[in-house]
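Commentary on secondary and tertiary structure
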Amino acid sequence: MADAAGRLTKLAEEVLGAPLPVRIRAWDRSESGPPGAPTLVIRHRRALRRLLFKPGELGLARAWVAGDLDIEGDLYEALDRLAGLIWERDDAPKPQRAAVLRALARPELRAAARELLSLAGAPVPPTPPAEEVRRRRGPLHTLRRDKEAISHHYDVGNDFYALVLGPSMVYSCAYWESPEATLEDAQRDKLDLICRKLGLREGRRLLDVGCGWGSLVLHAAREYGVRAVGITLSEEQATFARKRIAEAGLADRIEIRVQDYREIKDEPFDAISSIGMAEHVGRTQYAEYADALYSLLKPGGRLLNHQIARRPLADEEAYHVDEFIDRYVFPDGELAPIGRTVGQLEDAGFEVRDVEAIREHYALTLRSWVTNLERHWDEAARLTSAGRARVWRLYMAASALSFERNRIGVNQVLAVRTPEGGASGVSLRERTWNG
């Protein structure tokens, strides 16, 4: 099977109708493609079988996670070059599966299809990697299914996340003064920004929905004197957060619960933060989510909703969840345009007072996490699995590019449960966030 790389390059260019933007190195050590470009390393021809049985993004993802496929050179440049091959873009991303199958079915490309089958070897679908979420049953976003989805993503080991996130243990977009700032400074600044937007001060009561490892409630209690309740669906996060709180001597001011936001029956709170959690709620449940948070706030109370957003589509019914993200990263996660989020918060009764777009900040954050992961690669793979580490590296690098290219964004929405009299409690020049 001499020169597998050359044959694959020729086949790819016939099917795609365009030059291949990366080099290929095949399992037989042959190479082909533009000199100096990032190299797509096909370690095993099993990768081709994965693509034949699942053309497009999912097949590529399975090959990557299994280690059948790798990239040498600049990962970001390679993903940027490959993005046009993985996605068809009109006004919405759509997997290339149908386009590839249509191309291979054309009479003039039937020989190419036979050649690809010959290169791929035995026509048997490879087993998906162990890291892939198997078929899920039952309706979306029940209490049980949401807990399972959260566990898949967050219960992969606190030590693993400590390597990726660094000492702050904050798993959401940081707030950068400049690209030269440190990740720790940027995460501290983000936590403080949230507290100032919420107008926290001594004696107020904060609910943090999706509290992660407890970083925000710790900052709010220590720096602003609040009493706080943090909720998460991850047992591992809760255990870690409680330990941190006890070590900080703040157990009398902070309570961590393993609880769904739909199960909270407490007296109203002065402020609610929801940071990187609403992406898990789902479009069918978002109205209930907004209503629940509104009901949990005192009149005049503030909500800070920090949420990733996608670009709006001409046909919103055509929206589908990204296959790689759904199978390997955030099962059942869904993104919405910022306009829909604001509208649904208003429908629940909130007065939206401020929207701050910070997508460039998330690109910087993700690149820092990728650097941390790569720096501690062997340990990260040992703490979870090589496949899991590969999932995180791919999704974080690809997400960084998506934020940089304005394919997705992230926004902080400040909303108030404004009393009937209209006194919002927001000062005339609140953008300094000192209230």
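The following paragraphs examine the structure supplied in this document.

What counts and how
- Residues numbered from 1 in each chain as written.
- Predicted model: local features only at pLDDT ≥ 70, side-chain atom pairs only at ≥ 80, totals over all residues.
- Heavy atoms only, no water.
- Pairing = 2+ DSSP bridges.
- Helix = DSSP H or I, 4+ residues; strand = E, 2+ residues; numbered from the N terminus.
- Axes fitted to C-alpha atoms, helices over the stretch in contact; angles between N-to-C directions.
- Parallel < 35°, antiparallel > 145°, perpendicular 65-115°, else oblique.
- Left-handed = near helix turned anticlockwise from the far one by under 90°.
- Contact = heavy atoms within 4.5 Å.
- Nonpolar A, V, L, I, M, F, W, Y, C, P; charged D, E, K, R; others polar.
- Core = buried A, V, L, I, M, F, W, Y, C linked by side-chain atoms within 4.5 Å.
- Buried < 20%, exposed > 50% of the residue type's maximum accessible area, 1.4 Å probe, protein only.
- Expected span 1.5 Å × (residues − 1).

1. Side note on the sheet that holds strand β4 (residues 69-72)
- Ordered by their spatial adjacency, four strands build an open sheet running β2-β1-β3-β4, and the pairing between neighbours is mixed. Two strands in the sheet have a free side with no partner beyond their single neighbour: β2 (31-32) and β4.
- One ladder, built from two bridges, connects strand β1 (residues 23-25) with β2; its direction is antiparallel. If you follow Arg25 over to β2, its bridge partner there is Glu31.

2. Focus on the packing of helix α12 (residues 286-295) against helix α14 (residues 338-347)
- Where α12 meets α14, the axes come as close as 8 Å, and the angle between the chain directions of the two elements is 50°. Classified by the angle between their axes, α12 and α14 sit oblique to one another. Pair α12 / α14 crosses with right-handed handedness. Contact residues: α12 offers Tyr286, Ala287 and Ala290, while α14 offers Thr341, Gln344 and Leu345.
- For the contact of α12 with α14, the class distribution of residues is four nonpolar, two polar and no charged.

3. Quick look at the nonpolar core
- Ranked by internal contacts, the top residues of the largest apolar core, which has 65 residues, are Tyr161, Trp369, Trp392 and Met396.
- Considering every element that reaches this core, the biggest residue donor is helix α17 (residues 386-404), with nine residues.
- In terms of nonpolar packing, the next biggest core, distinct from the first, is built from 28 residues, Leu193, Val217, Tyr224 and Leu414 among them.

4. Concerning helix α9 (residues 183-197)
- Here α9 spans 21 Å end to end across 15 residues, near enough to the 21 Å set by a 1.5 Å rise per residue.
- Leu183, Ala186, Gln187, Lys190, Leu191, Leu193, Ile194, Cys195 and Lys197 are the residues of α9 that are buried.
- Looking one or two residues past α9, Gly199 carries a phi angle of roughly 65°, positive in sign.

5. Notes on the packing of α9 against helix α10 (residues 215-224)
- For the pair α9 and α10, interaxial distance at closest approach is 10 Å and the crossing angle is 65°. Taken together, α9 and α10 sit at an angle that is classed as roughly perpendicular. Taken as a pair, α9 and α10 cross one another with a handedness that is right-handed. Judged by residue contacts, Arg188, Leu191, Asp192, Ile194, Cys195 and Arg196 of α9 engage Ser215, Leu216, His219, Ala220 and Tyr224 from α10.
- Residue composition of the contact of α9 with α10, grouped by class: six nonpolar, two polar and three charged.

6. Re the sheet that holds strand β8 (residues 227-232)
- One open sheet holds the seven strands; their spatial order is β9-β8-β7-β10-β11-β13-β12, and the pairing between them is mixed. Each edge of the open sheet is held by one strand with a lone partner, namely β9 (254-258) and β12 (351-357). Mean inter-strand twist for the sheet, computed between neighbouring axes without regard to direction, equals 15°.
- One ladder, built from five bridges, connects β8 with β9; its direction is parallel. Within β9, the residue paired with Ile231 across the bridge is Arg257.
- Those strands touched by α10 are β7 (205-209), β8, β9 and β10 (269-275), and its axis lies near 165° from that of β9.

7. Some words on α17
- Look at α17: 27 Å from first C-alpha to last across 19 residues, which is about the 27 Å you get at 1.5 Å a residue.
- With 16 of its 19 residues buried, α17 lies for the most part within the structure.
- Note on α17: the residue one or two positions beyond its end, Asn406, has a positive phi of about 65°.

8. Section: the pairing of strand β3 (residues 39-42)
- A two-sided burial pattern is seen for β3, the buried positions comprising Thr39 and Val41 on one face and Leu40 and Ile42 on the other.
- Here three bridges tie β1 to β3, and the two strands are oriented parallel to one another. Looking at the pairing, Arg25 lines up with Val41 of β3.

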